[in-house]
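Overview (structure and organization)
As a plain string of letters, each chain reads:
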Amino acid sequence: MHPLVEIHDEVREALSRRRPVVALESTVIAHGLPYPGNVETALAVEKAVRDAGAVPATVGIADGRFLVGMDRATVERFAQAPGVAKVSSRDIGAVIARGGLGATTVASSLVAADLAGIPVFSTAGIGGVHRGATETFDISADLVQFTRSRVAVVCAGAKSILCLKLTLEYLETLGVPVIGYGCDDFPAFYCRSSGLPNPQRIDDPHTLARALRAHWDLGLPGGALVTTPIDEEHALDRAEMEDVLRQALADAERAGVTGPALTPYLMKAISRATGGASAEANRAALIGTARTAGRLAVALAAEDARQDTGRDGTGHDGTGHDGTGRGGTGRVPAPSAAGPDREETR
């Protein structure tokens, strides 16, 4: 294992036994809800992964290393420590060198997951192409990282504050597969539909696992985006959200809020305008995507085990490749527990 990656004992054991693991980000802990709601949400997300039959591995940076998997004490440390750095992929080296705490975003979490050999990651919503990007060139590092890390990202689409049409266009340009799990439309984080179609739809986790494995076995770069919408109970109305966003963007422009400060500004404005409903929707999306990611990890483990039965016992199929598309890491067999819940997400 890489010397700058420290894997929690439970996660290490799961990987060594080739059992399903799901990576999770830590930004939601250090830069999400106030304490103790941030801890409660983080533990609820981990529970959703466990309930699906996989092991959660929350990612962060501490004391000059990536952490892959956290115990309760470490989650509490990230939740309560002041001034925890928000770390995207470009910030990793500097934060590790300084030796402090770093809460990982989607992009930086994918770096750690790939290094650890974890093929599935879950988040509520990815970053993307910002509104007005034709002038500002403001595009999230998440999208580029999808082409670098061989990890499937399960999400409730992209944050609705973004330009989702351009986000999908840019993902197409980058060659990143976008697959709706049981849904035709690309979700919009708080909203079940953006009104834009997913390029592909797959309705069961085993077929989805085979699609991912085919992508990697063929040597195609990067990962894939798997979308699953927020449940109807917590979803917000798309038209109402668009009105709120339009007002929040106008307020931000008048206040001169730009760059990295824009997203948190808009998220706070949306929370105020929705009376806190957006915060509850965020929590629901985090838990829902974690559950789906857990099912996918179990299905991918089963697919890997099925493929392994056709090998010669050395992990090779006679072609000179190990079938992982990633130097032999990231392969996990089926757990002894029953397979994933095959109920479709609509």
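To start, this report covers the structure provided alongside it. Each chain carries its own residue numbering, running from 1 in the written order of its sequence. Predicted model: local features are reported for residues with pLDDT of at least 70 only, side-chain atom pairs are reported and counted for 80 or more only, and whole-chain, interface and lining totals are derived from all residues. Hydrogens and waters are ignored; side-chain quantities use all the structure's heavy atoms.

Only DSSP runs of H or I reaching four residues or more are called helices, and only runs of E reaching two or more are called strands; each is numbered from the N terminus. Tracing the sequence through the fold places Gly69 in the loop between β4 (65–68) and α4 (72–80). What makes Gly69 buried here is its relative accessible area of 9%. Spatially, the C-alpha atom of Gly69 lies 7.8 Å from that of Glu10, the residues being 59 residues apart in sequence. Sequence-distant contacts of Gly69, defined by excluding residues within four places in its chain, comprise His8, Val11, Ala57 and Thr58. Burial classification: accessible surface area is computed with a 1.4 Å probe over protein chains only, and a residue below 20% of its type maximum counts as buried, one above 50% as exposed, and the rest as partly exposed. We call two residues in contact when some of their heavy atoms are within 4.5 Å.

The linkage connecting Tyr35 with the following residue, Pro36, adopts the cis geometry, with an omega of 5°. Summarising the element assignment, Pro36 is placed in the loop between α2 (27–30) and α3 (37–51). Residues other than glycine seldom take positive phi values, yet Phe137 does so here, at roughly 60°.

Right, let's get into the packing of aromatic side chains. Any pair of Phe, Tyr and Trp rings, taking the six-membered ring for Trp, is counted once the centres come within 6.5 Å. Such a pair is stacked with planes under 30 degrees apart, edge-to-face with planes over 60 apart, and tilted for the rest. The tally for this structure, following the rule as stated, stands at one aromatic pair. Note on criteria: charge over ring means Lys NZ or Arg CZ within 6 Å of the ring centre, with the direction from the centre no more than 35 degrees off the ring normal. Here the basic side chain of Lys159 rests over the ring of Phe189, its NZ or CZ set 5.8 Å away from the ring centre.

Time to look at the nonpolar core. Take the buried residues of types Ala, Val, Leu, Ile, Met, Phe, Trp, Tyr and Cys, join any two whose side-chain atoms come within 4.5 Å, and each joined set is a nonpolar core. Core analysis: the biggest nonpolar cluster contains 91 residues, and Val11, Val68, Ile118, Phe146, Tyr190, Leu225 and Leu296 have the highest contact counts within it. The dominant element in this core, judged by the number of residues it contributes, is helix α13 (residues 277–308), at eleven residues. Setting aside residues no more than four positions away along its own chain, Val11 makes contact with Val21, Val55, Pro56, Ala57, Val68, Gly69 and Ile118. One finds Ala62, Val75, Ala79 and Leu101 within the second-largest nonpolar core, a separate group that totals twelve residues.

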